[in-house]
Amino acid sequence: MADLLRVHNLSIEYASSRGVVKAVDEVSFSIGKGEIFGLAGESGCGKSTTAFGICRLLRHPAKITGGSVQLAGTELMALSDEEFDRLRWSKMSIVLQSAMNNLNPVLKIRDQLADTILAHEPDARKEVHQRAEHLMRLVDLPVDRLDSYPHELSGGMRQRVVIAMAMALKPSLVIMDEPTTALDVVVQNGIIRKIMELQKEFGFSILFITHDLPLMLEMCDRIGIMYAGKLVEVTAREQILHEPRHPYTQGLLNSFPSLSGPKPRLAGIPGHTPDLIRPPAGCRFYPRCSQAVSQCQTLQPTLLQDKWGQIACHLYSEEGLSREQASAARE
Ligand SMILES: Nc1ncnc2c1ncn2[C@@H]1O[C@H](COP(=O)(O)OP(=O)(O)OP(=O)(O)O)[C@@H](O)[C@H]1O
């Protein structure tokens, strides 16, 4: 599968009164054309900061300190704000948890959809209302709701409008950060089903972020697991479901009830995530890892590619144990 998005060594920091928070530390991954890629990890591990960095939504005190983000071969970090604005929505669009609350309260839905289209396609004036109607149908909203103001719609309807907006210019990548978290479960399910239908119909790629690991494992083709600002494992959904390798990935899966059949007791992960101002010197997961070997305390593992995906763990590194030894150690 050809790569659409390539993130290489992306590093992002926040300045704070206590010191510099290294929220995203040399994160690299790619997303193929038409692929749904998930980013998972405990709260505060840097998922949203990564997504915001990719779509240049970070504001002070956040700062990108290194790395590259390429979309279809274009280096996004090198674009001027004007160049990037042209690309946003047309090539890459964003659906955030709070997006439904960010619709313009004084504009009817019709005008908001029309503005999005016309900002990028000024020649589309004649057909813009027809396109807005088509977008409403795409997300299963009644066309007469085009003449409503945002406050006249439910949260679920507003989030569908946001998804319609994200689809308006047929982008090749849609970044979704907790797109349904603020909604009740039934509404969430409907919207997720709709997103999947649209993805199948139009073939765009998705960078998907959610706390809901079971949902992520249902939706995504590949998943990147982040821990304390680092990507620790990137692999296909089947691999994570059947043989999670990184001890952190294993712990994360054991924290959820419905992934691998009945579990009498959820294990969870003992301990807590490290302070990102002074992260541990070696592997950041070392203080919580029940499988740690001697070098974990001092040597930071690098993300290595093998036939199962990418993994940053001494249990799987060239100088570490072999894969077989590692699984024996787990038993
Ligand atoms: N404005 C800020 N100033 C200082 N630190 C920040 C700021 N925003 C985020 N951080 C820190 O950056 C780190 C990454 O945060 P981020 O929100 O990206 O994590 P996340 O994985 O998306 O978490 P969640 O799942 O809770 O949304 C956290 O340690 C967080 O405390």
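Residues numbered from 1 in each chain as written. Predicted model: local features only at pLDDT ≥ 70, side-chain atom pairs only at ≥ 80, totals over all residues. Heavy atoms only, no water.

As named in an unreviewed UniProt entry, the chain is Peptide/nickel transport system ATP-binding protein, taken from Paenibacillus aceris. UniProt, in its Sequence similarities (unreviewed entry) section for the chain, records the words "Belongs to the ABC transporter superfamily." (UniProt positions renumbered as here; feature names shortened; annotations may be inferred.)

Moving on, we get to the pairing of strand β6 (residues 92–96). Taken across its 5 residues, β6 has 5 buried, putting it largely inside the fold. Across the two faces of β6 the burial is the same, with Met-92, Ile-94 and Leu-96 and Ser-93 and Val-95 all buried. Bridging between β6 and strand β7 (residues 173–177) involves 5 bridges; their strand directions are parallel. Paired with Leu-96 across the two strands is Asp-177, which belongs to β7. (Buried < 20%, exposed > 50% of the residue type's maximum accessible area, 1.4 Å probe, protein only. Helix = DSSP H or I, 4+ residues; strand = E, 2+ residues; numbered from the N terminus. Pairing = 2+ DSSP bridges.)

Now for the confidence of the model for the chain. Looking at the chain as a whole, the pLDDT averages 90, with 93% of positions reaching at least 70. Taken over the whole predicted complex, pTM reads 0.91, whereas the ipTM for its chain interfaces reads 0.97. (pLDDT = per-residue confidence, 0-100.)

With numbering matched to this structure, UniProt assigns "domain: ABC transporter" (unreviewed entry) to residues 5–253. Helix makes up 36% of residues 5–253 and strand 29%, whereas the separation of the span's terminal C-alpha atoms amounts to 27 Å.

So, about the side chain of Thr-50. By the secondary structure assignment, Thr-50 is in helix α1 (residues 47–54). At 2.7 Å, the side chain of Thr-50 forms a polar contact with the backbone oxygen of Gly-46. In contact with Thr-50, not counting residues within four places along its chain, are Leu-10, Ile-12, Val-24, Phe-29, Leu-39 and Met-226. (Polar contact = N/O pair within 3.5 Å; in protein donor to acceptor, adjacent residues only side chain to side chain. Contact = heavy atoms within 4.5 Å.)

We now examine the sheet that holds strand β1 (residues 3–16). Spatial ordering of the open sheet is given by β2-β1-β4-β5, a layout of 4 strands whose pairing is antiparallel. The sheet is open, and its two edges are formed by β2 (19–32) and β5 (74–75), each paired on a single side. Here β1 pairs with β2 via 10 bridges, running antiparallel. Paired with Val-7 across the bridge in β2 is Phe-29. Contacting β1, β2 and β4 (62–71), α1 crosses the sheet at an angle of about 115° to β1. (Axes fitted to C-alpha atoms, helices over the stretch in contact; angles between N-to-C directions.)

Let us now look at the packing of aromatic side chains. The full count for this structure, using the stated rule, is 4 aromatic pairs. With 4.6 Å between their ring centres and 55° between their planes, Tyr-227 and Tyr-248 make a pair best called tilted. Taken together, the residues span a long stretch of sequence, with Tyr-227 in strand β9 (residues 222–227) and Tyr-248 in helix α9 (residues 247–254) at a distance of 21 residues. Grouping residues by exposure puts Tyr-227 and Tyr-248 together as buried. Between Tyr-248 and Phe-285, the aromatic rings sit 5.2 Å apart at their centres with planes inclined by 65°, giving edge-to-face as the arrangement. Note that Tyr-248 is positioned in helix α9 and Phe-285 in the loop between α9 and β11 (304–306), a separation of 37 residues in sequence. Judged by relative accessible area, which is 0%, Tyr-248 ranks as buried. (Phe/Tyr/Trp six-rings, centres within 6.5 Å; stacked < 30°, edge-to-face > 60°.)

Our focus in this paragraph is the site of the ligand. Near the ligand lie 14 residues; those nearest to it are Ser-43, Gly-44, Ser-48, Thr-49 and His-211. Measuring from an oxygen atom of the ligand, one finds a side-chain N or O atom of Ser-43 at 2.5 Å. Separating an oxygen atom of the ligand from a side-chain N or O atom of Lys-47 is a distance of 2.8 Å. Across the complex, the protein chains shield 66% of the 630 Å² of accessible surface that the ligand would expose by itself. Elements with a contribution of two residues or more to the shell around the ligand: β2 and α1. For the shell around the ligand, the element with the highest residue contribution is α1, accounting for 3 residues. In terms of residue class, the shell around the ligand is made up of 6 nonpolar, 6 polar and 2 charged. (Near = heavy atom within 4 Å. Areas by Shrake-Rupley, 256 points an atom, 1.4 Å probe, with all protein chains shown as cover. Nonpolar A, V, L, I, M, F, W, Y, C, P; charged D, E, K, R; others polar.)

Pairing within the open sheet is mixed, and its 8 strands lie in the order β6-β7-β8-β3-β9-β10-β12-β11. Only two strands of the sheet have a single partner each, and these edge strands are β6 and β11. Shown here is a sheet whose adjacent strand axes are inclined to one another by a mean of 20°, direction ignored. Direction of pairing for β11 relative to strand β12 (residues 309–311): antiparallel, over a ladder of 3 bridges. What sits directly across from Asp-306, in β12, is Gly-309. Where helix α5 (residues 155–167) meets the sheet, it contacts β6 and β7, and its direction lies at approximately 170° from that of β6.

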